[in-house]
Amino acid sequence: MEHVENNSEYAGLQVNAGVAQPGSINPYLNQMRKRRHKLFEPQEYIDGILAGDVSMLGQAITLIESVHPDHQALAQKVIEGCLPYSGNSVRIGISGVPGAGKSTSIDTFGVHLLERDGGKLAVLAIDPSSEKTKGSILGDKTRMEKLAVHPKSFIRPSPTAGSLGGVARKTRESIILCEAAGYNNIFVETVGVGQSETACHSMVDYFLLIQLAGTGDELQGIKRGIMEIADGIVINKADGENVEKAELAASHFRNALHLFPMPESGVMPEVRCYSGFYELGIDGVLDMIFDYIDKVKASGYFQYKRNEQSKYWMYESINEQLRNSFYFNKKIKDMTEDMEAEVLGGKITSFVAAKRLLDEYFSEMKGQE
Ligand code: GDP
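Residues numbered from 1 in each chain as written. Predicted model: local features only at pLDDT ≥ 70, side-chain atom pairs only at ≥ 80, totals over all residues. Heavy atoms only, no water.

It is worth spelling out the packing of aromatic side chains at this point. Applying the stated criterion to the full structure yields ten aromatic pairs. Ring centres 5.9 Å apart and planes at 45° place the aromatic pair Phe154 and Tyr183 in the tilted group. Taken together, the residues Phe154 in strand 3 (residues 153-155) and Tyr183 in the loop between helix 8 (164-180) and strand 4 (185-191) connect sequence positions 29 residues apart. Ring geometry for Phe277 and Tyr278: centres 4.9 Å apart, planes at 80°, overall edge-to-face. Tyr278 shares its class with Phe277; the two are exposed. A cation over a ring is seen here: Lys120 above Tyr183, with NZ or CZ 4.3 Å from the ring centre. (Phe/Tyr/Trp six-rings, centres within 6.5 Å; stacked < 30°, edge-to-face > 60°. Helix = DSSP H or I, 4+ residues; strand = E, 2+ residues; numbered from the N terminus. Buried < 20%, exposed > 50% of the residue type's maximum accessible area, 1.4 Å probe, protein only. Lys NZ or Arg CZ within 6 Å of the ring centre and 35° of its normal.)

Here you go:
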């Protein structure tokens, strides 16, 4: 058809008939989507992970994080298969309040560690708040620019689903897969607020607390009992005009640590200053961590603590499964609301309500036997 613009009025302009354009939707997209959801046999995941295949490792962790019962069953088989190949790593927990410089520091520590040690590093995270806030997803690749492009590193953001216990379990299970894939250093990042550092502490060999100087609240950690679980404390941002303040804060911490009883490990926690951003004092921090690891390996505490952690996780897992079995039970779900209303209405006491619910649950369980 002749275009109106070809009228002599528009002299100098020649408009040609167009050609058919391809659809704006990529015809292969559906295929790609399907491929992404493809599930493999447990042994295929295990073989891939043992061969160090990062894509298989990532997909297996996605199964761990899934709430789908089929995915969970598959994930458990993969974990079981990987378990004999796990354990050969140093697991380091890194905690600090938002803004303390965790991601900057992990980036720098990670690159230095990979240079020194020549091995591989996985960065995982526990952030139970990430589901609600959607903001602070720890372990995010974009926050660790150097590690994100390092061929020997694997970064995985925090699982987002559910309770702290659930999130922590998933991170712990991911550690097993990463170790089977040959990652001999594992960093577990967590926010230094609330309960998540206790959960982190229960799965790492060394717990590093990042603090800042000059906040006027240097000993903030003591109140919350975090210092008691720290195996080492570091003061970040010891650069420029901040060096003196950082040193002062470090001496405060050293004094405060002397007030605590000797930790179970038998190794007194050290305090050091460094700058994650300007890469100052990084080797000192890594030396501090790995000296501790050498000492506790020699004393037998390393293995003792890992055994204690395995026991802890067995009971945690029982608790989680019992809770889920109870609260996701259809009958209990229906009954709970009524019981709650009766308690609020002052008709029955909390204890009677709880007992009725539990009796109902147990009698149903008996019926299923
Ligand atoms: P996170 O929230 O604990 O992960 O903290 P970030 O790593 O995101 O750091 C928070 C801010 O502190 C960023 O603006 C960093 O650039 C800055 N920062 C981190 N480390 C240092 C450091 O060693 N020195 C200085 N001066 N700034 C730093």
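After that view, the rundown keeps rolling.
A separate point is the pattern of salt bridges. Applying the stated criterion across every chain yields a total of 15 salt bridges. One salt bridge in this structure joins Glu65 and Arg156, with 3.1 Å as the shortest N-O distance. Taken together, the positions of Glu65 in helix 3 (residues 54-65) and Arg156 in the loop between strand 3 and helix 8 put the pair 91 residues apart, joining distant regions of the chain. Judged by its relative accessible area of 15%, Arg156 falls in the buried class. Here Lys311 ties to Glu308 by a salt bridge, and the two come within 3.3 Å at their closest N and O atoms. One end of the pair is Lys311 and the other is Glu308, both in helix 14 (residues 301-327) and three residues apart, which spans about a single turn. Taken together, the shared-partner salt bridges in this structure form one network comprising Arg116, Asp283 and Asp287. (Salt bridge = Lys/Arg side-chain N within 4 Å of Asp/Glu carboxyl O.)

Burial of strand 6 (residues 232-236) is extensive: five of the five residues sit out of reach of the surface. Alternating residues of strand 6 divide into Gly232, Val234 and Asn236 and Ile233 and Ile235, and every residue in both groups is buried. The pairing of strand 5 (residues 206-212) with strand 6 spans five bridges and is classified as parallel. What sits directly across from Leu209, in strand 6, is Ile233. Pairing between strand 6 and strand 7 (residues 270-273): four bridges, direction parallel. If you follow Ile233 over to strand 7, its bridge partner there is Val271. In this fold, strand 6 hands off to helix 12 (residues 243-258), which returns the chain to strand 7; that crossover is right-handed. (Pairing = 2+ DSSP bridges. Right-handed = clockwise from strand over helix to strand, strands pointing away.)

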